[in-house]
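Overview (structure and organization)
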Amino acid sequence: MIGMRNRWLTIFMTICLFLLVGCNDPTLGTEIYQGKNGIESVTLYAKLLELAGKRPDEILFSGEFSEQKELRISGESNFAGMELFDFASLESLTLVRCNLSDGKLPEFIVGLTSLKSLTIEGCGLMEIPEEIAACKGIRELYLRDNQLSSLPKALQSMEKLNLLDLGKNLFTDIPVELQNMNQLVHLDLSENDIVTLDGITGPNRLDTLNLSYNRITQLSESLLMLDKLQVLLLAGNRLTELPEFLNGFAYLNYLDVSDNPSLSFDAEKFPTITIAF
């Protein structure tokens, strides 16, 4: 009985300590369900007490989070008329499984000029507007698992963008808009329907290129234009051979060609490259 009483006392004291101290920790997160516009959940990394008894619509429009750095919204959502301009300091925004019924980027995003990282995943996004260029500070753009098949030229003016994830979309070739995006260092085009790499000449600062799980049958010598490339991922394609021109890369040190059932090659012909197969 005494042991049970001590156990409950310990739990009670822990809760009290959390309420008195932990709630002032700005790194704590919380999730609130069923908010305005059908939003399923909102995760805010903010003081827990400030969220007590509030609905997500009150939080999103309350103006109390002008210093908020990260925001994650998930679920079936209607963004019509939504504004997040009170989040003036927002640096990271994540939308996951938010059904964009018109396939367009929610308009409020282009007003978030402090964004450094934007993730829109599994939302049915079909196009990116030219207005995305207003978010000049974005460094990482994750657009995985959408319905994209083309890119706007506006991305070329986003000079700080160094990571672009276009995996699991509807691209059938390398978008021409990427050729001049020399600010990019990491590019992910995995899980698309790309067949050929003919004509690829950029971005020429890339050090990592992920083309896994496409329908590529052969490699083009134009790949050598990516002269800073260090990591090339080609797993799950339809390659049958590895051309010796791969030795022409000055920095390529890792090549993944696993899950290419018909591929045959002599690893000794590529002494400076670690090949996963």
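Residues numbered from 1 in each chain as written. Predicted model: local features only at pLDDT ≥ 70, side-chain atom pairs only at ≥ 80, totals over all residues. Heavy atoms only, no water.

1. Points about the overall build of the protein
- Looking only at helices and strands, the protein has three helices and 12 strands in total.
- Evaluated residue by residue, the protein yields a buried proportion of 46% over its 277 residues.
- The contacts of the protein with a sequence gap of at least 6 include a subset with a gap of at least 24, amounting to 31%.
- Total accessible area on the protein stands at roughly 14200 Å², and carbon and sulfur atoms take up 51% of it. (Helix = DSSP H or I, 4+ residues; strand = E, 2+ residues; numbered from the N terminus. Buried < 20%, exposed > 50% of the residue type's maximum accessible area, 1.4 Å probe, protein only. Contact = heavy atoms within 4.5 Å. Areas by Shrake-Rupley, 256 points an atom, 1.4 Å probe, with all protein chains shown as cover.)

2. So, the environment of Ser117
- Counting through the fold element by element, Ser117 comes out in strand β5 (residues 117-121).
- For Ser117 and Cys135, which are 18 residues apart along the polypeptide, the C-alpha to C-alpha distance reads 10.0 Å.
- Among all residues touching Ser117, those that are not within four sequence positions of it are Glu91, Ser92, Leu93, Glu140 and Tyr142.

3. Some details on the environment of Asn253
- Mapped onto the fold, Asn253 is located in the loop between β10 (231-233) and β11 (254-256).
- Taking the C-alpha atoms as reference points, Asn253 and Val231, 22 residues apart in sequence, are found 6.4 Å from one another.

4. Things to note about unusual backbone geometry
- Here the residue pair Gly202 and Pro203 is connected by a cis peptide bond, since its omega of 5° sits within 30 degrees of zero.
- In this fold, Pro203 is placed in the loop between β8 (186-188) and β9 (208-210).
- A positive phi angle, close to 60°, is found at Asp145, a residue other than glycine.
- The residue Asp145 is located in the loop between β6 (140-142) and β7 (163-165) in this model.
- Classification of Asp145 by relative accessible area gives partly exposed; the value is 32%.

5. Digging into the side chain of Asp256
- Tracing the chain through its elements places Asp256 in strand β11.
- With no salt bridge to any partner, buried Asp256 finds its closest opposite charge in Arg144, at an N-O distance of 13 Å.
- The contacts of Asp256, once residues within four sequence positions are left out, are Leu232, Leu233, Leu234, Ala235 and Ala276. (Lys, Arg positive; Asp, Glu negative; His and termini not counted. Salt bridge = Lys/Arg side-chain N within 4 Å of Asp/Glu carboxyl O.)

6. Focus: the side chain of Thr208
- Relative to the helices and strands, Thr208 is located in strand β9.
- In this structure the side chain of Thr208 is engaged in a polar contact, spanning 2.8 Å, whose partner is the side chain of Asp207.
- If sequence neighbours within four positions are ignored, Thr208 has contacts with Val185, His186, Leu187, Leu229 and Val231. (Polar contact = N/O pair within 3.5 Å; in protein donor to acceptor, adjacent residues only side chain to side chain.)

7. Focus: the nonpolar core
- Ranked by internal contacts, the top residues of the largest apolar core, which has 63 residues, are Leu93, Ile120 and Leu219.
- Within the residue set of this core, elements represented by two or more residues are β3 (70-74), β4 (92-96) and β5. (Core = buried A, V, L, I, M, F, W, Y, C linked by side-chain atoms within 4.5 Å.)

Function-wise, these values are silent; they only describe arrangement.
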